[in-house]
Structure formats: structure tokens, C-alpha cells
Amino acid sequence: QVQLVESGGGLVQAGGSLRLSCAASGRTFSGYAMGWFRQVPGKEREFVTCIRWNAGSTYYADSVKGRFTISRDNAKNTVYLQMNSLKPEDTAVYYCGAAVYYSNYLQDPTAYDYWGQGTQVTVSS
């Protein structure tokens, strides 16, 4: 069993930055990938970015390319999301997910086996 705990959300003005963290605990995470998704009320969970744990390769949604950066700390079993140049449309609850098995569809939330509780990010205009 893997537990994921997100932190770092909050209220920020447009153009500002936030860094989210997602710590995996319960057992040493030796899974395939971790990803960040976001969700606003009434909409489906939207892919933001993901990182393959061993290879370190990353993928981004077009809407966040050049502004957001995902990184990992293997020793701490933690993944980070650095968000710069934030826009009001980035406002959402951000979730991290852990995919235990190989998948070619890491943009799909069904590829992930564990989820954190979510952290609210609000960007004011």
C-alpha cells in the first residue's frame, strides 16, 4: 500500500509561483511513474504532467509547458511540481498519483493506482 500526501497549495496572484510536493510513504515506492492532475468542480480530472520514476523522462500538458516543471527526489520518495507564471485558469485542486505498472497512457488518470487527497491552488487575477 502506498500513501501519497500533497502539500504546498495556496492562494497566489497571477504571475506568481507555487511549489507542490507529493510524498509517498507506506512502502518504498518502486513504481513506474508519478503524475500531477488537476480538477475543478463539474469537470473531469485533467492531466498536468508526469515523470517516469527510473528514467526521469517527463511529459507536460500543452497548457503548462514552459511554466510548470516536475521533478523527483528518489531518496525522499517525493515528487515536486514547480509552477511559475501562474494564471487564473490554473485554479484547481491538484492531485498527485502513483502508477505502479508500465503504461503508455500516463495522461489518463486510470493509469494510476494511488492518489493523494489533493491540494487547492487558487490564482487571483
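What this report covers is the structure whose coordinates are included nearby.

About the cut-offs
Along each chain, numbering runs from 1 in the same order as the chain's sequence is written. Given that the model is predicted, a residue must reach a pLDDT of at least 70 before its local features are reported, and side-chain atom pairs must reach 80 or more before they are shown or counted; all residues, however, enter totals for whole chains, interfaces and linings. Calculation of side-chain values draws on the structure's entire complement of heavy atoms; hydrogens and water are dropped beforehand. Only DSSP runs of H or I covering at least 4 residues are called helices, and only runs of E covering at least 2 are called strands; the numbering of each starts at the N terminus. Exposed residues in this analysis have more than 50% of their type's maximum accessible area, buried residues have under 20%, and partly exposed residues fall in between, with area computed by a 1.4 Å probe over protein chains only. Note on contacts: a residue pair qualifies if any of its non-hydrogen atoms lie within 4.5 Å across the two residues. Residue-level accessible areas treat just the shown protein chains as cover; the underlying method is Shrake-Rupley with a 1.4 Å probe. Asp and Glu are treated as the negative residues and Lys and Arg as the positive ones, with His and the ends of the chain left uncounted. Positions of charges follow a simple convention, taking NZ of Lys, CZ of Arg, CG of Asp or CD of Glu. A pair of aromatic rings is counted whenever rings of Phe, Tyr or Trp (Trp by its six-membered ring) have centres within 6.5 Å, and the orientation is called stacked for planes under 30 degrees apart, edge-to-face for over 60 and tilted otherwise. Working rule: Lys NZ or Arg CZ, within 6 Å of ring centre, within 35 degrees of ring normal, means a charge sits over the ring. We call two N or O atoms a polar contact when they sit within 3.5 Å, provided that within protein one can donate a hydrogen and the other can accept it, with sequence-adjacent residues counted only if both atoms are side-chain atoms. Within this document, salt bridges are pairs made up of a side-chain nitrogen of Lys or Arg and a carboxyl oxygen of Asp or Glu, the two lying within 4 Å of each other.

Counting secondary structure elements, the protein contains 0 helices and 11 strands. Along the protein, helices and strands appear, N-terminal first, in the series β-β-β-β-β-β-β-β-β-β-β. Taken along its principal axes, the extent of the C-alpha atoms in the protein is 40 × 25 × 25 Å. In the protein, buried positions account for 46% of the 125 residues. Counted over contacts in the protein with a minimum sequence separation of 6, partners at least 24 positions apart contribute 56%. For the protein, the exposed surface amounts to about 6,300 Å²; the carbon and sulfur share of it is 47%. Charge separation in the protein, taken as the distance between the mean sites of 11 positive and 9 negative side-chain charges, equals 6 Å.

Throughout the structure, instances matching the rule amount to 5 aromatic pairs. Here the aromatic rings of Phe37 and Trp115 are separated by 5.2 Å at their centres, their planes lie at 75°, and the arrangement is edge-to-face. Here the residue Phe37 occupies a position in strand β4 (residues 33-39), and Trp115 occupies one in strand β10 (residues 114-115), the gap between them amounting to 78 residues. In this structure, Arg45 packs its charged tip against the face of Tyr95, placed 3.7 Å from the ring centre.

Inspection of the secondary structure puts Arg38 in strand β4. Judged by relative accessible area, Arg38 falls into the buried class, the value being 6%. At a separation of 2.9 Å, a polar atom in the side chain of Arg38 contacts the side chain of Asp90.

One pass over the full model with this rule turns up 4 salt bridges. Residue Arg38 pairs with Asp90 through a salt bridge whose shortest N-O separation is 2.9 Å. Taken together, the positions of Arg38 in strand β4 and Asp90 in the loop between β8 (78-83) and β9 (92-99) put the pair 52 residues apart, joining distant regions of the chain. Looking at Asp90, the relative accessible area reads 1%, which means it is buried. One salt bridge in this structure joins Asp90 and Arg67, with 2.8 Å as the shortest N-O distance. Note that Asp90 is positioned in the loop between β8 and β9 and Arg67 in the loop between β6 (58-60) and β7 (68-73), a separation of 23 residues in sequence. Look at the salt bridges and you will find they share partners, linking Arg38, Glu46, Arg67 and Asp90 into a network.

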